Amino acid sequence: HIEVSESIHFENASAVIRPDSYHVVDGVAVIIKDHPELGQIRVEGHTDHNGSREMNERLSQLRAEAVVQRLVEQGVPRERLQAVGFGFDRAIANNDSTEGRAQNRRVEFVIVDRVGG
């Protein structure tokens, strides 16, 4: 994983990245560009359980694609990135609390393969 210290925020029920989160995505872009040995990166979108499975799977996919697009705009080669939306299937916290739902709404950056090993 590429660890980020802040969450990427989106407009409510939307795949539009909020401007106050640009610096988070742009920071990840710098890391990816500075470390070509990281190879392929999977950008994973995750949601909380509010709404239907279909809606959450679509929203998480669109959010992952929006982050990939921002990374490409910052100079990351598109061929190094893949976007995958998991909806609410990979919760990391309890969806019964506001805090838990906030933790579940996230974008993760997974190193799929490393160049040269």
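For the structure itself, consult the block above.
Below is a summary of the structure that appears in this document. (Residues numbered from 1 in each chain as written. Predicted model: local features only at pLDDT ≥ 70, side-chain atom pairs only at ≥ 80, totals over all residues. Heavy atoms only, no water.)

### Here we look at the environment of S60
Within the secondary structure, S60 sits in helix α2 (residues 53–73). Residues S60 and E11, 49 residues apart in the sequence, show an inter-C-alpha distance of 13 Å. Residue contacts for S60: discarding those within four places in its chain leaves G45, H46, T47, G85, F86 and G87. A polar contact of 3.3 Å, which involves the side chain of S60, links it to the backbone nitrogen of F86. (Helix = DSSP H or I, 4+ residues; strand = E, 2+ residues; numbered from the N terminus. Contact = heavy atoms within 4.5 Å. Polar contact = N/O pair within 3.5 Å; in protein donor to acceptor, adjacent residues only side chain to side chain.)

### Let's talk about the pattern of salt bridges
For the structure shown, the criterion picks out eight salt bridges. Of the charged contacts, one joins D26 and R70 as a salt bridge, the two residues approaching to 2.8 Å between their closest N and O atoms. Placement of D26 in helix α1 (residues 22–34) and of R70 in helix α2 is noted, with a sequence separation of 44 residues between them. For the pair formed by D26 and R70, the shared burial category is buried. The partner of R106 in a salt bridge is E108, and the shortest N-O contact between them spans 2.9 Å. (Salt bridge = Lys/Arg side-chain N within 4 Å of Asp/Glu carboxyl O. Buried < 20%, exposed > 50% of the residue type's maximum accessible area, 1.4 Å probe, protein only.)

Honestly, it's all geometry; don't read function into it.
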